[in-house]
Amino acid sequence: MTSPFHRAWGLVHSLLPARADLALMGRAPRRDLLAGLTVAIVALPLALGFGISSGAGAEAGLATAVVAGALAAVFGGSNLQVSGPTGAMTVVLVPIVAEYGTRGVLAVGLLAGLLMVALSVARAGRYMSYVPAPVIEGFTLGIAGVIGLQQVPSALGVPKPDGENVVAIAWRAAGEFLHEPNWMAIVLACGVVGLMLAGARWKPTVPFSLIAVVVATVVTKALHLDAAMIGHLPSGLPAPSLGFVHPSEVPSLLAPAVAVAALAALESLMSASAADAMSVGQRHDSDKELFGQGLANIAAPLFGGVAATGAIARTAVNVRSGASSRLAALTHAGVLAVIVFAAAPLVSGIPLAALAGVLIATAIRMVEVGSLRAMARATRSDAVILALTAAATLALDLVMAVLVGMAVAGALALRAVARQTRLDQVPLDRGDHTAEEHALLAEHIVAYRIDGPLFFAAAHRFLLELTDVADVRVIILRMSRVTTIDATGALVLKDAIDKLTRRGITVMASGIRPGQVRTLDSLAALDALRANGRVYATTPDAIHAARIHLHHAGVLATPAQTSTAVEEPVR
């Protein structure tokens, strides 16, 4: 028998990097190094832009990309995942910065990291696969809208208005622009967007985001434009920041930390799954991925970084650039670190409008029109789930949007399952009976077959249909095709039997599955039938008993002789 210590060590060991994963880094180092360099070039403007958008500053975005990118690459569960600051996470961080300041963001990131490590230990990664596809598509569409709207003030060259709702902020920024237009800012932003979108269609492998930012920076310097559009970066990586919030403030940060952890887990596993789909022979480990992302989020705040996740866009670039191991993601983090230390003065004059253009183009490219169209055309329920999730993402916080999408998807799924429950009148086995007896049986004995699940979502309709029966002396409930029954279904069945009995109708049941007996017995649903011996193993037994009952009641002149089944109730 293994000791608790050995079980704990086995659990921890299963979450640490495997020797095979590390050995894989030596198989094609040149290809991985080139892929990592390509990803770093693409990630640089994104890290700057997302850091600024979060409210923590460009240096926070770079620190996150370096520290979290390296740790998630080593300890994560995917060989191809690239991690860092993302647009989805900035949406969650903005209100935290507004309420608690930068220290609050750092504390939330650390708490979220601890929660993610706990999720990995609890083996929660497998449950992320239950998120429906329309929820993911609607979530992605909503995030793209939020990211784009967040950039409107910088793209228009106006100060960011106060507020938290991105739609209201964008609207007020547009009003300020009309009052005092800054045409050069909008020209720079639109130019970057146009170059990135056109370049992606022409040469997808070329990092047009960096080219666009360089061109915009050169133009800004050459024309000596207003410094209001310039983003200033530090000369090096920020010193470790241990200035967290006071311990008394930690309880108020737990809810934001849960939101950040949930979003980081969801986005990271979605990105890892996307990497698997784009590659050949690669499969990520969900629990290891949560563990690696948790460690990354614990460490990043210590270096002034913010919460990080797996980045779908950068991961896609990594796969398409030929990456085959974790070395590519490590190279990406190393190149960014070199840029921070050695080339910070070269990027200190990047216009904010240009970074806004990069993020707007990124948001546009996040929207897969073909996928959205196909999802919307699949079923009406899928279209509703997608639209509501996207709308909730714009109007509410992201975790709430996912919960709304999941709730709507669950409700519609229950509705669809409930509709599968049918109560069908089925013909009786007439055998060699006379025409007169046929008429009596057809008039006074009715057999109903219940098909599908009998649970809370279908129970009310079942009760209405069953108790609406008229001109019947005996009802046989054939239950062999009931797939599942819950407490509500059992209570409704009991209620229906009581109502029919009070109307003078004899109710019998047949074919009850053994797995459903416990639920029915716990709520005494069939006690009245069992007390009178009216629960039968098979339908022929119930029909024979019904004919005998009608004979004793004087409805049939003579008892039927076509069946010799013994009237024996099922216990």
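Above this text sits the structure in question.
Sequence order as written defines residue numbering, which begins from 1 separately in each chain. Since the coordinates come from a predicted model, pLDDT governs what is reported: local features require at least 70, and pairs of side-chain atoms require 80 or more to be given and counted, while whole-chain, interface and lining totals use all residues. Note that the side-chain values use all heavy atoms of the structure and ignore hydrogens as well as water.

## Overview of helix α8 (residues 166-179)
For an α-helix the count is 3.6 residues per turn, leaving residues at separations of three or four pointing the same way.
And step 1. Its 14 residues give α8 an end-to-end C-alpha distance of 20 Å, which sits within 8% of 20 Å, the value for a rise of 1.5 Å per residue.
And step 2. Listed in full, the buried residues belonging to α8 are V166, I169, A170, A173 and F177. Taken down its axis, α8 places every buried residue within 95° of arc, on the same side. Exposed side of α8, more than 90 degrees from the buried face: W171, L178 and H179 are the residues found there.
And step 3. Residue contacts are defined here by distance: any two heavy atoms, one from each residue, within 4.5 Å place the two residues in contact. For helices the rule is a DSSP run of H or I covering at least 4 residues; for strands it is a run of E covering at least 2, with both sets numbered from the N terminus onward. On its buried side, α8 packs onto α6 (133-150), α7 (152-156), α9 (183-202) and α18 (380-395). For a helix, the expected span equals 1.5 Å multiplied by the residue count minus one. Three exposure classes are used, based on accessible area relative to the maximum for each residue type with a 1.4 Å probe and protein chains only: buried under 20%, partly exposed in between, and exposed over 50%. Regarding the arc, it is the one traced by the directions from the helix axis to the C-beta atoms.

## Regarding the layout of surface pockets
And step 1. In this analysis, the protein atoms alone were mapped onto a 1 Å grid. Cavities are point sets where a 1.4 Å probe fits without being able to get out; pockets are open sets with protein on both sides within 12 Å along at least five of seven lines; lining residues have an atom within 4 Å of a point. Grid points are joined across faces, edges and corners, and a volume is the space filled by probe spheres set on the points. Counted as a void, the largest pocket has a volume near 1400 Å³.
And step 2. Lining the largest pocket are 50 residues; nearest its centre among them are I312, A313, A316, R365 and M366.
And step 3. Top element by residues in the lining of the largest pocket is α6. It accounts for eight residues.
And step 4. Under the convention adopted here, Pro, Cys and the residues Ala, Val, Leu, Ile, Met, Phe, Trp and Tyr are nonpolar, Asp, Glu, Lys and Arg are charged, and Gly plus all remaining residues are polar. For the lining of the largest pocket, the per-class residue count stands at 31 nonpolar, 11 polar and eight charged.

## Topic: the environment of G511
And step 1. Mapped onto the elements of the fold, G511 is located in the loop between β7 (506-510) and α23 (514-522).
And step 2. In contact with G511, other than residues within four places in its own chain, are M479, S480, Y536 and A537.

## Overview of helix α22 (residues 487-502)
And step 1. Taking 1.5 Å of rise per residue, the 16 residues of α22 would be expected to cover 22 Å, and the 23 Å separating its terminal C-alpha atoms lies within 8% of that figure.
And step 2. Along α22, the positions that sit buried rather than exposed are G489, A490, V492, L493, A496, I497 and L500. Down the axis of α22, the buried side of the element spans an arc of 165°, and every buried residue falls inside it.
And step 3. By the N-cap criterion, in which a side-chain oxygen at the helix start approaches the backbone nitrogen of a residue two or three places on, α22 is capped by D486, the distance to T488 being 3.3 Å.
And step 4. Looking one or two places after α22, you find G504, whose phi comes out positive at around 85°. N or O atoms closer than or at 3.5 Å make up a polar contact, with two conditions inside protein: a donor-capable atom paired with an acceptor-capable one, and, for residues adjacent in sequence, both atoms drawn from side chains.

## Observations concerning the pattern of salt bridges
And step 1. In the sections that follow, a salt bridge refers to a side-chain nitrogen of Lys or Arg positioned within 4 Å of a carboxyl oxygen of Asp or Glu. The tally for this structure, following the rule as stated, stands at four salt bridges.
And step 2. Note that D287 is salt-bridged to R123, the shortest N-O span being 3.7 Å. One end of the pair, D287, is in helix α12 (residues 286-299); the other, R123, is in the loop between α5 (87-121) and α6, with 164 residues separating them in the sequence.
And step 3. Here D287 falls in the buried class, since its relative accessible area comes to 10%.
And step 4. Of the charged contacts, one joins D451 and R449 as a salt bridge, the two residues approaching to 3.4 Å between their closest N and O atoms.
And step 5. A residue is classified by how much of its surface remains accessible, and D451, at 7% relative accessible area, is buried.
And step 6. R449 sits in the buried class, given a relative accessible area of 19%.

Function cannot be inferred from these measures alone, as they are strictly geometric.
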